[in-house]
Amino acid sequence: MKNYFSRYTLFIPFVGSALLSLTSTSLFAQSTFKNNNPSWSHLSADVTRTRTPSQAAVLADKVEGGIVDTRGTRVNVNNGTIERTGTGRRAVMPDNLLRLHTPLGTSFKLSPSSRWYQKDGNTQVFRVFPGDQNKVGGRVGAARSEAFSYNTTTIEADGKTLTFSARFHVAKHNTSRDVKLFQSKARGKNSYTGKDPAWSLAMWAEKDGDIILIKRGDNGDRNIKIDTGFNVGQSFNLRVVDDGYNYKAFVNNMMLADGSYERGDAPTVARWGAYVQGGSHGVLTGGVNDDVIVYVSGARVVVK
């Protein structure tokens, strides 16, 4: 039987003074923690699904201002164990180059103490809880805590290549759903076809604990699944290079996937963390303590 709970994960209730504040009054932006993780029903009790960009902006302001309190417990990472290899030991790329997508908004500044995201040393900590689901737009399910390099992108025509690299460790797993850990995703629509071309290559933790890569099939073909040989509770390095059409994926410097996927002029961006796909199956089941926790150490995105 696979061990889905890392012995290196400690949950330490903590309430302390702010270490860093983006705004002096913002609970969302302060390094303060709670002694519990609120259930989704409690957290979202006064949250109405947004249908327009202006409604989404109002909700985002409430979150960033602390009116909707998204704080949770602190996760203490065993950095010496988790941040191994040169990749894991390096600093994460600067916060001002990143944004966070959560159930309550698509582009937040990174918060040190959010229920869904925090950082410990060189490790980003992503969490998704049972019941979490998207409240922005009409898409149901789609619970996520996902960072993305919003201005570090590439398209096929610019002759540049995007390289993402980081060390991954799924520290806690909820076996009710597959959880996406990474995607090389085209942002917005291809103006030639009017369609959202979505991701070319993705990485998942399956319900049974296997870590897999998935290559998107072209022209309606079935997606291709590749087993990385790693499972929940194990650490490994991922590197993905993508020029907006061709891509390659390396796990511990071994190439496991390559291919191409047409995205036209839609820019490709790297996204990583924890994401449960949308639809009726896009919600984790269980209690508040059955959350998913993903460690990503030393995450970097470079385009050249």
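Residues numbered from 1 in each chain as written. Predicted model: local features only at pLDDT ≥ 70, side-chain atom pairs only at ≥ 80, totals over all residues. Heavy atoms only, no water.

**Focus: the overall build of the chain**
Thinking step 1. Within the chain, the secondary structure is distributed over four helices and 17 strands.
Thinking step 2. A burial count over the chain gives 53% of its 304 residues as buried.
Thinking step 3. A fraction of 72% describes how many contacts in the chain between residues 6 or more apart in sequence connect residues 24 or more apart.
Thinking step 4. Element-wise, carbon and sulfur atoms account for 50% of the exposed surface of the chain, whose accessible area totals about 13300 Å². (Helix = DSSP H or I, 4+ residues; strand = E, 2+ residues; numbered from the N terminus. Buried < 20%, exposed > 50% of the residue type's maximum accessible area, 1.4 Å probe, protein only. Contact = heavy atoms within 4.5 Å. Areas by Shrake-Rupley, 256 points an atom, 1.4 Å probe, with all protein chains shown as cover.)

**What to know about the side chain of Glu206**
Thinking step 1. One can find Glu206 in the loop between strand E10 (199-205) and strand E11 (210-215).
Thinking step 2. Overall, Glu206 belongs to the buried group, its relative accessible area being 13%.
Thinking step 3. Polar contacts involving the side chain of Glu206 include one to the side chain of Lys225, which spans 2.8 Å.
Thinking step 4. Look past the residues within four positions of Glu206 in its chain and what remains in contact with it is His173, Asp178, Ile212 and Lys225. (Polar contact = N/O pair within 3.5 Å; in protein donor to acceptor, adjacent residues only side chain to side chain.)

**Describing the sheet that holds strand E6 (residues 123-128)**
Thinking step 1. Spatially, seven strands are ordered E5-E6-E17-E8-E13-E14-E15 in an open sheet, and the strand pairing comes out antiparallel. Both outer strands of the open sheet, strand E5 (117-120) and strand E15 (254-260), are each paired with one neighbouring strand and no more. For this sheet, the mean inter-axis angle between neighbouring strands, taken without regard to orientation, is 25 degrees. (Pairing = 2+ DSSP bridges. Axes fitted to C-alpha atoms, helices over the stretch in contact; angles between N-to-C directions.)

**Focus on the pairing of strand E9 (residues 179-186)**
Thinking step 1. Burial analysis of E9 places eight of its eight residues in the buried class, the great majority of the element.
Thinking step 2. When E9 meets E10, the two strands line up antiparallel, connected through six bridges. Across the sheet, the residue bridging to Lys185 is Trp199, located in E10.
Thinking step 3. Two elements, E9 and strand E16 (residues 268-275), share six bridges in a ladder whose sense is antiparallel. Looking at E16, one finds that Phe182 is bridged to Trp272.

**Brief notes about the sheet that holds strand E4 (residues 105-108)**
Thinking step 1. Pairing is antiparallel across the open sheet formed by eight strands, whose spatial order is E4-E3-E7-E16-E9-E10-E11-E12. Looking along the sheet, the strands with just one partner apiece sit at the ends: E4 and strand E12 (224-231). Each strand of the sheet is rotated relative to its neighbour by a mean of 20 degrees, with strand direction disregarded.

**Observations concerning the nonpolar core**
Thinking step 1. One finds Phe164, Phe168, Phe182 and Trp272 to be the most contacted residues of the largest nonpolar core, which totals 55 residues.
Thinking step 2. Discounting residues that sit within four places of it in the chain, Phe168 has contacts with Leu181, Phe182, Met203, Gln234, Ser235, Phe236, Leu238, Trp272, Val294, Tyr295 and Val296. (Core = buried A, V, L, I, M, F, W, Y, C linked by side-chain atoms within 4.5 Å.)

**Notes on the side chain of Thr50**
Thinking step 1. Along the chain, the position of Thr50 falls in the loop between helix H1 (40-43) and helix H2 (53-64).
Thinking step 2. Every residue in contact with Thr50, bar those within four places of it in the chain, is listed here: Gln55, Ala56, Leu59, Lys135, Val136 and Gly137.

**As for the pattern of salt bridges**
Thinking step 1. If you walk through the whole model with that rule in mind, you get nine salt bridges.
Thinking step 2. Between Asp69 and Arg71 there is a salt bridge whose closest N-O contact spans 2.8 Å.
Thinking step 3. Residue classification places Asp69 among the partly exposed positions, given a relative accessible area of 23%.
Thinking step 4. For Glu146, the salt bridge identified is with Arg271, shortest N-O distance 2.9 Å. With Glu146 in strand E7 (residues 144-148) and Arg271 in strand E16, this pair connects stretches of sequence that are 125 residues apart. You'll find Glu146 and Arg271 in the same group, each marked buried.
Thinking step 5. Salt bridges linked by common partners bring Lys34, Asp69 and Arg71 together as one network. (Salt bridge = Lys/Arg side-chain N within 4 Å of Asp/Glu carboxyl O.)

**Overview of the pairing of E4**
Thinking step 1. Looking at chain direction, strand E3 (residues 99-102) and E4 are connected through two bridges and run antiparallel. Residue pairing for E4: Leu100 is matched across the bridge by Phe108.
Thinking step 2. In sequence, E3 turns back onto E4 through a hairpin of two residues.

**What to know about the environment of Thr161**
Thinking step 1. Looking at the secondary structure, you find Thr161 in the loop between E7 and strand E8 (162-172).
Thinking step 2. For Thr161 and Tyr247, which are 86 residues apart along the polypeptide, the C-alpha to C-alpha distance reads 9.0 Å.
Thinking step 3. Not counting residues within four places of it along the chain, the set of residues in contact with Thr161 comprises Thr154, Val241, Asp242, Asp243, Val302, Val303 and Lys304.

Read these as geometric descriptors, not functional statements.
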